[in-house]
Each structure stands twice: as C-alpha cells, then as structure tokens.
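# Topology and contacts: notes
For reference, the chains in residue letters:
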Amino acid sequence: MSAEPALLSLTEVAQAIAQKRFSSREVTKSCLDRIAQWQPRLNAFLAIEPDEALAAADAADAALAKGNARGALHGVPLAHKDMYYDAGRIVTCGSKIRRDFVATSTSTALQRLKDAGTIRLGSLQMVEFAYGPTGHNAHYGAVHNPWGLDHITGGSSSGSGSAVAARLTFAALGSDTGGSIRMPAHFCGVTGLKTTYGRISRAGAMPLSQSLDTVGPLARTAEDCALLLGLMAGADPHDPTAAAEPVPDYVAATRESITGLTIGVPSAFYVDDLDPEVERILDETIAVLKREGANIVQVELPDQRQLAAAAQLVVAVEASAFHKRWLIERPQDYGPQVLMRLQNGLAIPGVSYLEAMRWRGPALAAYLAAVAGTDAVIVPGAPVPAPTLAESDVGNGPDAEAVIQRLTRFTRPVNYLGLPSLAIPSGFTKNGLPVGMQLIGRSFDEAMLLRIGAAFQRATDFHERVPEPA
Amino acid sequence: MTKPTPKEIKAMADVAGVPVDAEAAARIAHSIGPAFEGFAAIAGTLPFDLEPASFLVVQTTKVSK
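Residues numbered from 1 in each chain as written. Chains lettered and ligands numbered in written order. Predicted model: local features only at pLDDT ≥ 70, side-chain atom pairs only at ≥ 80, totals over all residues. Heavy atoms only, no water.

### So, the overall build of chain B
Here is the rule we go by: Each helix is a run of H or I in the DSSP string that is no shorter than four residues. Each strand is a run of E no shorter than two, and both are numbered from the N terminus. Each radius of gyration reported is based on C-alpha atoms, and the globular scaling rule is 2.2 Å times the count of residues to the power 0.38. Each residue is placed in one exposure class: buried if its accessible area under a 1.4 Å probe, protein chains only, is under 20% of its type's maximum, exposed if it is over 50%, and partly exposed if it falls in between. Reported accessibility uses the Shrake-Rupley method at a 1.4 Å probe radius. Residues are deemed covered only where the shown protein chains occlude them. Residues scored as positive are Lys and Arg, those scored as negative are Asp and Glu, and His as well as the terminal groups of each chain are ignored. Every charge is mapped onto a representative atom, which is NZ of Lys, CZ of Arg, CG of Asp or CD of Glu.
What chain B contains, in helices and strands, is 3 helices and 0 strands. Relative to the 2.2 N^0.38 estimate, which gives 11 Å for 65 residues, the radius of gyration of chain B is 17 Å and therefore markedly larger than a compact globule would have. Overall size of chain B, expressed as C-alpha extent along the three principal axes, is 50 × 25 × 25 Å. Within chain B, the proportion of its 65 residues that are buried is 37%. Carbon and sulfur atoms provide 64% of the accessible area of chain B, an area that totals close to 3,800 Å². Separation of charge centres in chain B, based on 6 positive and 7 negative side chains, amounts to 9 Å.

Set out below in structure tokens:
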C-alpha cells in the first residue's frame, strides 16, 4: 500500500479509513497537498475548500472513533463536476450565466454519495453547460491534461478526468450525453462509466438533453466504478426516468473471471480511420482479453453514422429548448462555441426531432440483434489520442462542429441507444499520452462491463500509472 | 429529408423567437447539414404506429446472450 494516501484507489482508501490505517484528515491533507501542487498546472478545480474539507474530515474521524461510520465511503474526500446541485452552494455549470447560482436542492446522485460518508474537497471544472468534448472553457480557461499539459483532457467532464488522473480526488462524478465521461477517461487515462439511460437518477443534475443525459463516475479502477455505481443506482421519486431495475452487487461482479465470455469487435466504423497508435492499442487490448480467456468474434453492426446523426438532432433540439430563455435574454453571456451550438437546435424542425426520437426503439433492437451472442463489444474511446489545446481550439469557426463531431463519433451512437459503456485505460502512445477502449454492453448490464474491465486491469497496469508534474 | 438553407434557418429562428443574423444562419446550416444527411435514409420511412416510448420497451426487455 502506498505511503501517500492520495495515490490509493477509492476502494483501498475507504478500507484504510475504516480500518483506521489512515485518518480521514491524513487522506484529505494528502489530496489537498496534491491539489496545491497540480492546480496551477491543470486548472482542474473551480473551487478548492481546504478548511471546510479538513473540518469535515475531523468530524468523520471523531464519528468513526465513536463507532459511527456513515457508510461505505466514510471520510473519503471527493470532488465532482460542477453541475450537481448541492443545496446552499454555488453550482456554476462551468458558465458565466450561473456564476452566482446557489442551488436550493441536492442532486440525488450526490446525496447518495454523501449518505455513504463522502466529504467535499471543492468543485471541478467542466465545459460550459456540458456542451463540448474538448475541455476548453471560454469563462474559466481550458483544463490541462496531466499526461501532457499542452493537450486536451476531453470534455465535458474535463476537471473530473484531469483531477482523477493526477490523483487529486479518488473519483469524481461526470455526466455523459455524447461522450462526456468516456472522452476524458480516454484522453486522461482513467476509468469512466457511462451508465445505461435511467440507471442513475438525474434529479438535481444540470440538464443538457433529457433523452440522452446520464450520470456516472470517473475513477481509477473498474472496481471503484462498481462501488460508486452500487451506491448511486436505483429508482428515485424525484426522477421518473430513473429505472426501477434491480441493483446487483457490482463489486462482486468485478471478481469474476472472464473465461468463456464473448467479446465482439466491429468490422467497420469503429475500426475505420484510426490513428495508428490507437489501432495498435486496440489490437493489444484484444490480445490481453483473449489471454484472460475471452472469445473474440467479429460483429457486423447496423450503420453507426445514422445513430450519430440522430443523436446530434436530439441533443441540438433539447439543449436549445433548455436554454431558450437565456438565448433570448443573455446571448452575450455564453462562450462563442456554446452559443453557436445552442443556436443549431433552432434550425431543426419538430418533425425531424420526433422522427429521431421515434427511431430509438427500432435502432436499439437492431443493434441488440447484431450483437446477439456476445457479452460486450469493444471499440476505441476516440479515433485519436489527445490533440493539443491549440489544434482543438476551434471556437465558433466554420469547421467547429465538424471537429466536434469527428472527436465524438465513437461515443454518440452509444448515447442514442442509451447503452452502458465502460472506458478503460488501455495503453500509452510513444509520446506518453493515454488511450482508452470502450466496452459497450446491454441495457442495465453494467455488471458485465465492470467484470471485463476489472479482469483487464488485473492483467495490466495502465490504470496504476501516475503522471509526474512537469 | 433535405437540410435547411441559411435563408430557411433565418426564418425558423425568427419564428422560434431567437433571431439570428445571416452569418449565423450560414454557420448553422453548415453545422447541422451532416446530421440531416446522416439521418436522411431514416426520415420519412418510419411506420405509423411507432412511438418514442418504444425505446423504453426495447430497453427493458430482457435480452440474453
């Protein structure tokens, strides 16, 4: 076990606090020390609250001494994407418009983590209103990738990816509407779980697209994601779209072997026009899974470009509708790129939007038929490793949307189908940038993805590598 | 399904109550054009009785390997 508590996994640190090998104060201080070291380089935090965090840690230690542990994450300090409402606190949503917005309620996902005993380190950066995949932010500056400071983190959960990778927080909530958990996981070398639509309540989470928004964690390991998912999943009276499907023991699933499982590799789209290093790492990942006992088969998927196009129609309209009042009253307060993207939705007829919504059922059925006989499908998180901040700073230029759509072309189809997908660190480029793979599963079968991801992480050490300050 | 022209987009934005200038309309047309093209093969082909809620039916149907 590491002598520096911040370097432990979430699962390890929760056990260490419970067994009194580390106090919550020692753990929190360790995170705060790393935040002080890294924040000037990364810009991963929007707010850092050392005094409050240490006071909460002391209270957690005192409670534990009296035998009053709150839950599975008692005394564990975390920070989350700044779009989860926390009653009485400012929640900026990465925007100027909500710079002073004080939440009056607490999001269900966040409350369930609080109920498990977590304490707050501060809040994490994000793309303005979660509408962008690079990590640039016109109001608060770009977040930097700890593996290469002039490279993007991916977005929109930019601070979550950067902070988890640099070991500033043990895990962080993200959100995923078009790839916003999996992109930062891919570019920053962390494990990210995009959950099935409806698996975790969206109550109190800033909306972007009510039909595609999902809540999920970024963490260091599949086991950590399993722990967090088990705490957050399940029905919620505050969100009628939160599914009442049973919540299995996800952590138990991570201990199972993958011998005899079948993993599909698409014959097209997800393997087309890959950066050579991403292609190499995909092949190496498949080889590891094979060595661990999985059967690898090729799958012929329906046309994924149609799914990506449908996702774009849905998100554009729903995001514009959410923002319409501010588009009228405060257009000058948006960053140029987010304003441009919100305006896109104005030009899509209602009938086109509803056709895209009506097609979701048949499209999901066709996908599931195509992957029958497999337990999961593996594809890259993105076709390329992290681009530089400069080359992806496209603002509201004429090709901005095309650049965004290219970056997210492997993630948007999954959102349209509402499927779960686990992004796992799978290798590094020759320049030292991480590359991740997505495991895509069936609706509400996150357990299978976590099982495969954990088996891969038992056989590799990509998730254990820690970036060094430049 | 054909993608809207900048002129049509300007009119739609006006009707929506969020007017955009000609430059923004041209940029929007360029941005969303590929989505219309990508979805063109589906648009206008869906059966009469298909509702958006069919997605939830498929999602919650137990599918085994």
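So, next bit.
### A closer look at the sheet that holds strand E2 (residues 77-81) of chain A
Each strand in a sheet pairs with its neighbour through backbone hydrogen bonds, running either in the same direction (parallel) or in the opposite one (antiparallel). Residue and element names in this part refer to chain A. The test is simple: For two strands to pair, DSSP has to find at least two bridges joining them. Interaxial angle, 0 to 180 degrees, is taken between N-to-C directions of lines fitted to C-alpha atoms, where a helix line uses only the stretch in contact.
The strand order across the open sheet formed by 3 strands is E1-E3-E2, and the pairing between neighbours is mixed. Both edges of this open sheet fall to strand E1 (45-48) and E2, since each of them pairs with a single strand only. If you compare each strand with its neighbour and ignore which way they point, the axes differ by 35 degrees on average. With 5 bridges connecting them, E2 and strand E3 (residues 119-124) associate as parallel partners.

### Looking at the interface of chain B and chain A
It is common to give the size of an interface as the accessible area that goes away when the parts come together. Here is the rule we go by: In what follows, a contact means two residues having at least one pair of non-hydrogen atoms within 4.5 Å. Salt bridges are defined by distance alone: a side-chain nitrogen of Lys or Arg within 4 Å of a carboxyl oxygen of Asp or Glu. Counting of polar contacts relies on pairs of N or O atoms within 3.5 Å, with two restrictions inside protein: one atom must be capable of donating a hydrogen and the other of accepting it, and residues adjacent in sequence are counted only when both atoms are side-chain atoms.
Contacts between chain B and chain A engage 38 residues on the former and 48 residues on the latter. Here chain B and chain A share 0 salt bridges between them. Here chain B and chain A share 7 residue pairs in polar contact (both at pLDDT 80 or more) between them.

### Re the sheet that holds strand E7 (residues 262-266) of chain A
Residues and elements named next belong to chain A. Taken together, 8 strands build an open sheet; the order of strands is E4-E6-E5-E10-E11-E9-E7-E8 and the sheet is mixed. Strand pairing shows two members of the sheet lacking a second neighbour, strand E4 (171-176) and strand E8 (295-299), which therefore form its edges. On average, each strand axis in the sheet is tilted by 30 degrees relative to the strand beside it, whichever way the strands run. One ladder, built from 5 bridges, connects E7 with E8; its direction is parallel. In the sheet register, Thr-262 faces E8, and the bridge partner there is Asn-295. Relative to strand E10 (residues 421-428), helix H16 (residues 446-459) is tilted by about 15 degrees, and along the sheet it contacts strand E5 (191-194), E7, strand E9 (376-380), E10 and strand E11 (434-440).

### Notes on the side chain of Thr-285 of chain A
Residue and element names in this part refer to chain A. Relative to the helices and strands, Thr-285 resides in helix H9 (residues 276-291). On the basis of relative accessibility, which here comes to 1%, the residue Thr-285 falls in the buried class. Residues within four places of Thr-285 in sequence aside, it is in contact with Ile-378, Ser-426, Met-437 and Phe-456.

### Quick word on helix H1 (residues 10-18) of chain A
Residue and element names in this part refer to chain A. For H1, the set of buried residues is Leu-10, Thr-11, Val-13, Ala-14, Ala-16 and Ile-17. Elements that come into contact with the buried residues of H1 comprise helix H2 (24-42), helix H3 (50-65), E2, E4 and helix H7 (222-232). Positive backbone phi, approximately 60 degrees, marks Lys-20, located one or two places after H1.

### A look at the packing of aromatic side chains
All names here are of chain A. Formally: Pairing of aromatic side chains requires ring centres within 6.5 Å, counting the rings of Phe and Tyr and the six-membered ring of Trp. Pairs whose planes differ by under 30 degrees are stacked, by over 60 edge-to-face, and all others tilted.
Per the stated rule, a full pass over the model turns up 11 aromatic pairs over all chains. A ring pair is formed by Phe-269 and Phe-410, whose centres lie 5.8 Å apart and whose planes are at 65 degrees; its orientation type is edge-to-face. Residue Phe-269 is located in the loop between E7 and H9, and its partner Phe-410 is located in the loop between helix H14 (400-407) and helix H15 (412-417); the two are separated by 141 residues in the primary sequence. By relative accessible area, Phe-269 is classed as buried at 12%.

### Digging into the pattern of salt bridges
Residue and element names in this part refer to chain A. Tallying each qualifying case throughout the model produces 22 salt bridges over all chains. Among the salt bridges present, the one from Asp-86 reaches Arg-120, with a minimum N-O distance of 3.4 Å. Of this pair, Asp-86 sits in the loop between E2 and helix H4 (108-115) while Arg-120 sits in strand E3, placing them 34 residues apart in sequence. Judged by relative accessible area, Asp-86 falls into the buried class, the value being 3%. Across the pair Glu-329 and Arg-325 runs a salt bridge, and its minimum N-O distance is 3.3 Å.

### A short note on the confidence of the model for chain B
Any segment with low pLDDT has predicted coordinates that should not be analysed in fine detail. What counts is decided by this rule: pLDDT runs from 0 to 100 and stands for how confident the predictor is about each residue.
Averaged over all residues, the pLDDT of chain B equals 92, while 95% of them reach at least 70. Interface confidence in the predicted complex, given as ipTM, is 0.96; pTM for the same model is 0.97.

### A closer look at the environment of Cys-93 of chain A
Residues and elements named next belong to chain A. Relative to the assigned elements, Cys-93 resides in the loop between E2 and H4. According to the relative accessible area criterion, Cys-93 is buried, its value standing at 0%. Between the alpha carbons of Cys-93 and Met-83 there is a distance of 4.7 Å; along the sequence they are 10 residues apart. Once residues lying within four places of it in the same chain are set aside, the contact partners of Cys-93 are Asp-82, Met-83, Arg-98, Met-126, Val-127, Glu-128, Phe-129 and Met-206.

### So, the packing of H2 of chain A against H3 of chain A
All names here are of chain A. Selection criterion: Roughly parallel means an angle under 35 degrees; roughly antiparallel means over 145; roughly perpendicular covers 65 to 115; every other angle is labelled oblique. Take the far helix as the reference: if the near one is turned anticlockwise from it by less than a right angle, the crossing is left-handed, and if turned clockwise, right-handed.
At a minimum axis separation of 8 Å, H2 and H3 run at an interaxial angle of 160 degrees. By the angle between their axes, H2 is roughly antiparallel relative to H3. As H2 runs across H3, the sense of the crossing is right-handed. Along the contact surface, H2 presents Ser-24, Arg-25, Thr-28, Lys-29 and Leu-32, while H3 presents Pro-50, Ala-53, Leu-54, Ala-57, Asp-58, Ala-60 and Asp-61.

### What to know about helix H10 (residues 304-329) of chain A
Residue and element names in this part refer to chain A. Quick reminder of the rule: Expected span of a helix, by definition, is 1.5 Å for each gap between consecutive residues, and there is one gap fewer than residues. Each residue is assigned a bend, namely the angle between axes fitted to the seven residues that terminate at it and the seven residues that start at it.
The terminal C-alpha atoms of H10, which comprises 26 residues, lie 37 Å apart, in line with the 38 Å expected from a rise of 1.5 Å per residue. His-323 marks the point of greatest bend in H10, at about 60 degrees. Here H10 starts with a cap whose side-chain oxygen sits 2.9 Å from the backbone nitrogen of Arg-305, and that cap is Asp-303.

### Section: empty space enclosed by the protein
Residues and elements named next belong to chain A. To keep it simple, the criterion reads: Two kinds of site are reported from a 1 Å grid over the protein atoms alone, namely cavities, where a 1.4 Å probe fits but cannot get out, and pockets, open sets with protein on both sides within 12 Å along at least five of seven lines, and residues are called lining when an atom falls within 4 Å of a point. Grid points are joined across faces, edges and corners, and a volume is the space filled by probe spheres set on the points. Here the nonpolar group is Ala, Val, Leu, Ile, Met, Phe, Trp, Tyr, Cys and Pro; Asp, Glu, Lys and Arg are the charged ones; every other residue, Gly included, is treated as polar.
The tally for this structure, following the rule as stated, stands at 3 cavities of 30 Å³ or more. Lining the largest cavity are 22 residues, with Tyr-131, Gly-178, Val-315, Arg-341 and Arg-412 positioned closest to its centre. Elements represented by at least two residues in the lining of the largest cavity include exactly H10, helix H11 (336-344) and H14. Element by element, the count of residues in the lining of the largest cavity is highest for H10, at 4 residues. Tallied by class, residues from the lining of the largest cavity come to 8 nonpolar, 11 polar and 3 charged. Here the second largest cavity defines a volume of roughly 80 Å³.

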